[in-house]
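# Understanding the architecture of this molecule
Read off the chains here:
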Amino acid sequence: MNILRRPSSEAEEEDDAPRTASFICRSVLIIIVAGVLLRLIMDIFLTQAYDFYHWGVIVQNINSGNGLYELTGYFYTPPWGYVLGLTAFFQDVLGITAIGDHITGMFPAEGAAWSTTSTITTIAFNMSVKLVFLISDLVIGYLIFWLVRDVTKDHKKAILGFALWFLAPCVITVAAMGMFDTLCVLMTVLAVIMLRKDRYIESGVMLSMAALMKFFPGFLVFIFIAYIISKNREDGTHVKKTVMFLAAVAVTALVLFLPQLLDGTFMDSFLFITSRVDEGMGTGVIGVIAAYAALIVYAFVIVIVIILAMRMSKITDGEKLDSALFDTLLIAMAAIFIYPPTPQYILLLLPFVIIALIRDRRYLIPYCLLTVGAAVASVSGWPLGLASVAAHMDIINMGSLIDLIQSYTSPLIGISMMEIVSLVGLAVQYAGVLLVLWVRFGERIKTAIRRQTDAERTAE
Amino acid sequence: MDGKDVMAGGTETPHQPKSGRKRSDIVLTVIFAAVVAVVLIGEAYVYTAGDGRYASDIAWTDDGIEYSVTSKGSEQYSVLVMDNGSFEMINRLYIYYDEGYGSELEKVRVPVGAKALTQEYYISQLIATLNNRGVRNIEILNAAELKDALEDDITSSNASVKGLVVLSGALPETIYSTSVNLVLDWINDGGSLYWAGNFLGKYYATPGGTAEAVRNYEYDFFGKTGCLNEGGENAELSDIVTNNYRHSLSLMNNRIKYGVDISGLGGLAVGYTDGTYSSTAMVRLGDGMICVLAGDYSNDQRHDLAQIIASGISAYTDENAAGYVKGDVKKGTVTGSVDIDYTGGHNYAVYVYYGGYYTVYGKGGSYEHPP
């Protein structure tokens, strides 16, 4: 269709139709209903008891007036604690009085895995927290829909993008088990959208919140700066707009850390990072290597991201720049996870894989490996995840559950079934990470090898 | 960029109609504002939610007590009344800490991201936990100050309203050693020793480290030997069923290493047991009490220690609670009563707390009948 042959206003309307087509339609509603039903089933039956025990402790500390760090229980930077604070508010409104019980019948399961507890949260408490994840998943789905529609101008592809996120197995299982990475993804994707819409202050606010939710999005700051510089260099406003963006990042961080700066617990908010390094340092040669490996990989990633950002900053063409932004974000996120990630971290890579997949079907296999592998790994401790149901509902007998946990976590041939399932899931998801990079760079690598071989033959 | 770019397309283009772009922008703005609001309102809530959130009141009547529990949130509440025999509620709590003296503690595992549970950190956490439960008259004393305080208590006959928490795994030589018995004299005069972290009395601390007590340390404190548990790391435990305090005080510590076998000793065991040793044991000594919380440091142990101290439960407390009520309070005040059969005793302790195993508030008190 050649729109240039028709009056411009008509062409604009046709072009605009897919760009602004409504999100709510029959297909989307079916996806939402399916996604919500799957989540409700998973959310009721599977809960990472150890994480939820801690979410309960954090709510306890908030309600008792001890903030996030005065009493032990909260080990991340503040934003997730603030979201839990709001959850606590709604628990009050909804009349949820009991966070959890200490279950004597669970004692035999303590020590079955590295993270077990006999303090089991109630179904009502679990669901009040998981409702936040469900809403976040839905909003991310909409944002992916928005992005795909905006870029491809294709409503069907946009719906496909929504489905690839909202029905992705790992997105459902990670939230069901209780990890809050979906919130980090929400903020990151919103930061990217605001960046593309030249709303740099909003973009800076979101990126700052995302990086303080889980630190990985912090790596993307160089890419964001490069984009702003490249896009605004022509009219000479790139310095001013970069400063605006960075100021938004800094002021947001200041606002989020203000209570800790005032009450002297600022350093406690970084314990999750520093203690992991300490742990590694204290457990022999392998531990030291593992701890340093993470630092080395992340330093390597920073170098890669800076190089990618510098190359992107030289682009002057608007469409190429937009394309380069997604490309660079995909490469950067995949590079970050060269250091093997835990399953929940995969969520941060997923939106960029989905956007790539919409354009290039070769990303289908990496997408499948990532979403299935991370899902398997995240529910590898599923018998332990049934503790809330066993403790607070009459569906599963606690004694039977303990038998199941013990047989599932006991070594068979030097390794337990839980470890086998976990390792398989982690291996599959890691293959997905590597395959993302292979799809992106494989042809170039093969071409380079071919040229090298040809050159050597010619020389001979 | 090199290679095949994964996305083609552009950003907002000038020819996009204003209506569609405006609607789209509004949705994004609403999402942005909602995310920011969730985080910032949550931040404000986290640091203001506890202000004046809870209150409770107790009135003693001829039939028992009338209580009133108030919460701005939604909580479980528990009201526990105990016949406390001859035990007086403590009104001042000493905590021993002296970094110049040695300690004997096992390093414990903590969750990733948590601070190492050192003696100093445990104490700071315990004080905050006790404050939440209404225990605020707390004083940290070093070895020399502790000696003076215990001597003053004995001289002024005030030991019976004092408590001493020792978490160092070794009593300082200023109050206990092969030749010093001050802490035993203080307990015999009515003092309450709360101990956690190692075998009670096995070590005493010196400025240069610790030394093992050469004499029979169990005999010093319990009048016999073989009553402290040297095993118990992975024992199968069950609730102590001779009383219901495990539930009525929401006790959580499920370790019995270093725990006491109270059989043949006057006292009260609460919490969990392997059939011999208990997670918390309170033993009478003279007019005072020794309370041992078993196991190495843990947050569950800290919770139990705070519950034990704040509630006023003791080695002299009757196995059967004089009264116990549990209920829900949701953004308001709930009133009720607990009937008490006063024929059983004359000295009662009452403890009101909210949150069950996730305790957020507590308030203890005592009452003599007839007044």
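Residues numbered from 1 in each chain as written. Chains lettered and ligands numbered in written order. Predicted model: local features only at pLDDT ≥ 70, side-chain atom pairs only at ≥ 80, totals over all residues. Heavy atoms only, no water.

This paragraph deals with the overall build of chain B. If you tally the helices and strands in chain B, you get seven helices and 16 strands. At 26 Å, chain B has a C-alpha radius of gyration far larger than the 21 Å of a compact globule built from 371 residues. A principal-axis box enclosing the C-alpha atoms of chain B has dimensions of 95 × 60 × 40 Å. The contacts in chain B between residues at least 6 apart in sequence include a share of 73% that link residues at least 24 apart. One way to put it: in chain B the 27 positive side-chain charges average out to a point 14 Å from where the 46 negative ones average out. (Helix = DSSP H or I, 4+ residues; strand = E, 2+ residues; numbered from the N terminus. Rg over C-alpha atoms; globule rule 2.2 N^0.38 Å. Contact = heavy atoms within 4.5 Å. Lys, Arg positive; Asp, Glu negative; His and termini not counted. Charge placed at Lys NZ, Arg CZ, Asp CG, Glu CD.)

Turning our eyes to something else, we now look at unusual backbone geometry. Of note in this structure, Asp198 of chain A is not a glycine but carries a positive phi near 60 degrees. Locating Asp198 of chain A in the fold gives a position in the loop between helix 8 (181-196) and helix 9 (200-213). Look at Tyr258 of chain B: it is not a glycine, yet its phi comes out positive at around 70 degrees. Positionally, Tyr258 of chain B belongs in the loop between helix 6 (245-248) and strand 11 (267-273). Classification of Tyr258 of chain B as buried rests on a relative accessible area of 3%. (Buried < 20%, exposed > 50% of the residue type's maximum accessible area, 1.4 Å probe, protein only.)

Our next topic: the confidence of the model for chain A. On average, chain A scores 91 in pLDDT, and the residues at 70 or more come to 92%. Between residues 1-14 of chain A, whose pLDDT stays under 50, and residues either more than four places distant or in other chains, the model counts six contacts. (pLDDT = per-residue confidence, 0-100.)

Moving on, we come to the interface of chain A and chain B. Taken together, the contacts link 100 residues of chain A with 76 residues of chain B. The contact between chain A and chain B buries some 7,600 Å² in all, and 59% of this surface belongs to carbon and sulfur atoms. The largest per-residue losses of area from chain A upon contact with chain B belong to Asp92, Thr97 and His102 of chain A, which jointly make up 9% of the total buried on that side. We note a salt bridge from Asp268 of chain A to Lys115 of chain B, for which the minimum N-O separation is 3.4 Å. Between the two partners, chain A and chain B, sit 18 residue pairs in polar contact (both at pLDDT 80 or more). (Buried area = accessible area lost by both parts, 1.4 Å probe. Salt bridge = Lys/Arg side-chain N within 4 Å of Asp/Glu carboxyl O. Polar contact = N/O pair within 3.5 Å; in protein donor to acceptor, adjacent residues only side chain to side chain.)

What follows deals with the environment of Leu423 of chain A. By the secondary structure assignment, Leu423 of chain A is in helix 20 (residues 417-459). Residues Leu423 of chain A and Trp114 of chain A lie 309 residues apart in sequence; the distance between their C-alpha atoms is 15 Å.

This paragraph deals with the pairing of strand 8 (residues 203-206) of chain B. All names here are of chain B. Taking every second residue as pointing to the same face, both faces of strand 8 are buried, with Tyr203 and Ala205 on one and Tyr204 and Thr206 on the other. As judged from the two bridges shared by strand 6 (residues 171-172) and strand 8, these two strands associate in the parallel manner. Bridging from a neighbouring strand, Pro172 pairs with Ala205 of strand 8. Pairing geometry for strand 8 and strand 9 (residues 209-212), over four bridges, is antiparallel. The residue bridging Tyr203 from the neighbouring strand is Glu212, located in strand 9. Between strand 8 and strand 9, which pair antiparallel in sequence order, lie two residues. (Pairing = 2+ DSSP bridges.)

Moving on: the sheet that holds strand 8 of chain B. Spatial strand order, 6-8-9 (chain B): three strands in an open sheet with mixed pairing. In the strand order of this sheet, the two ends are held by strand 6 and strand 9 of chain B, each with one partner.

Let us look at the sheet that holds strand 5 (residues 162-166) of chain B. As a general point, the strands of a sheet are linked pairwise by backbone hydrogen bonds and lie either parallel or antiparallel. Residue and element names in this part refer to chain B. The strand order across the open sheet formed by eight strands is 4-3-5-7-13-12-11-10, and the pairing between neighbours is mixed. The two strands at the open ends of the sheet, each matched to only one other strand, are strand 4 (138-141) and strand 10 (238-239). As defined by bridge partners, strand 5 adjoins strand 7 (residues 192-196) across four bridges and the pair is classed as parallel. Bridging across to strand 7, Gly163 finds its partner in Ser192. Most of the contacts of helix 2 (residues 119-132) go to strand 3 (residues 92-96), to which it runs at about 165 degrees, and overall it touches strand 3, strand 4 and strand 5. (Axes fitted to C-alpha atoms, helices over the stretch in contact; angles between N-to-C directions.)

Take the side chain of Asn232 of chain A next. Residue and element names in this part refer to chain A. Positionally, Asn232 belongs in helix 10 (residues 221-232). Among the polar contacts listed, one links the side chain of Asn232 to the side chain of Tyr200, at a separation of 2.9 Å. In this structure Asn232 touches Tyr200, Thr237, His238 and Lys241, once residues within four positions along its chain are discounted.

What follows concerns the packing of helix 2 (residues 26-45) of chain A against helix 5 (residues 123-152) of chain A. Residues and elements named next belong to chain A. Taken N-terminus to C-terminus, the directions of helix 2 and helix 5 make an angle of 150 degrees; their axes are 10 Å apart at the nearest point. In terms of orientation, helix 2 lies roughly antiparallel with respect to helix 5. Like other packed secondary-structure pairs, helix 2 and helix 5 cross with a definite hand, here right-handed. The segment helix 2 lies against helix 5, with Ile32, Val36, Arg39, Leu40, Asp43 and Ile44 engaging Ile123, Met127, Lys130, Leu134, Asp137 and Leu138. Of the residues that constitute the contact of helix 2 with helix 5, the class distribution is eight nonpolar, no polar and four charged. (Parallel < 35°, antiparallel > 145°, perpendicular 65-115°, else oblique. Left-handed = near helix turned anticlockwise from the far one by under 90°. Nonpolar A, V, L, I, M, F, W, Y, C, P; charged D, E, K, R; others polar.)

Now for the state of the cysteines. What the rule picks out here adds up to zero disulfides over all chains. Here Cys368 of chain A is not disulfide-linked; the sulfur of Cys170 of chain A is the nearest cysteine sulfur, at 11 Å. Not part of a disulfide, Cys227 of chain B finds its nearest cysteine sulfur in Cys291 of chain B, a span of 14 Å. (Disulfide = S-S within 2.5 Å.)

Enumeration over the complete set of coordinates arrives at 44 aromatic pairs over all chains. Centre to centre, the rings of Phe89 of chain A and Phe90 of chain A are 5.3 Å apart; their planes meet at 75 degrees, and the pair counts as edge-to-face. The class of Phe89 of chain A is partly exposed, set by a relative accessible area of 33%. Between Trp60 of chain B and Tyr367 of chain B the ring centres are 4.0 Å apart and the planes differ by 10 degrees, which places this aromatic pair in the stacked class. Remark: Tyr367 of chain B occurs in strand 16 (residues 361-368) and Trp60 of chain B occurs in strand 1 (residues 54-60); sequence separation between them is 307 residues. Residue Trp60 of chain B is classed as partly exposed on the basis of its relative accessible area of 22%. Grouped by ring-pair contacts, the aromatic residues Trp55, Tyr69, Tyr74, Tyr76, Trp80, Phe133 and Phe180 of chain A constitute a single cluster. (Phe/Tyr/Trp six-rings, centres within 6.5 Å; stacked < 30°, edge-to-face > 60°.)

Further remarks concern helix 5 of chain A. Residue and element names in this part refer to chain A. With 30 residues, helix 5 extends 42 Å from end C-alpha to end C-alpha; this agrees with the ideal 44 Å at 1.5 Å per step. Extensive coverage of helix 5 is indicated by the burial of 22 of its 30 residues. In the segment just after helix 5, Lys153 is the residue with positive phi, at about 60 degrees. (Expected span 1.5 Å × (residues − 1).)

Let us now look at helix 10 of chain A. In this model helix 10 of chain A runs 17 Å from its N-terminal to its C-terminal C-alpha over twelve residues, within 8% of the 16 Å that 1.5 Å per residue would give. Along helix 10 of chain A, nine of the twelve residues are buried, which leaves the element largely enclosed by surrounding structure.

In this section: a nonpolar patch on the surface. Judged by side-chain polarity, Leu412, Ile413, Met417, Ile420 and Val424 of chain A come together as a nonpolar surface patch covering roughly 470 Å² of accessible area. On the basis of relative accessible area, Leu412 of chain A is assigned to the exposed category, the value being 52%. (Patch = residues over 30% accessible without salt bridge, like charges linked within 9 Å, V, L, I, M, F, W, Y side chains within 5 Å. Areas by Shrake-Rupley, 256 points an atom, 1.4 Å probe, with all protein chains shown as cover.)

Residues and elements named next belong to chain A. Running from N to C, helix 5 and helix 15 (residues 346-359) cross one another at 35 degrees; their axes reach a closest spacing of 11 Å. Judged by the twist between their axes, the crossing of helix 5 over helix 15 is right-handed. Every residue of helix 15 that contacts helix 5 at Ile144, Leu147, Val148 and Thr152 is listed here: Pro351, Ile354, Ile355 and Ile358. Tallied by class, the residues present in the contact of helix 5 with helix 15 amount to seven nonpolar, one polar and no charged.

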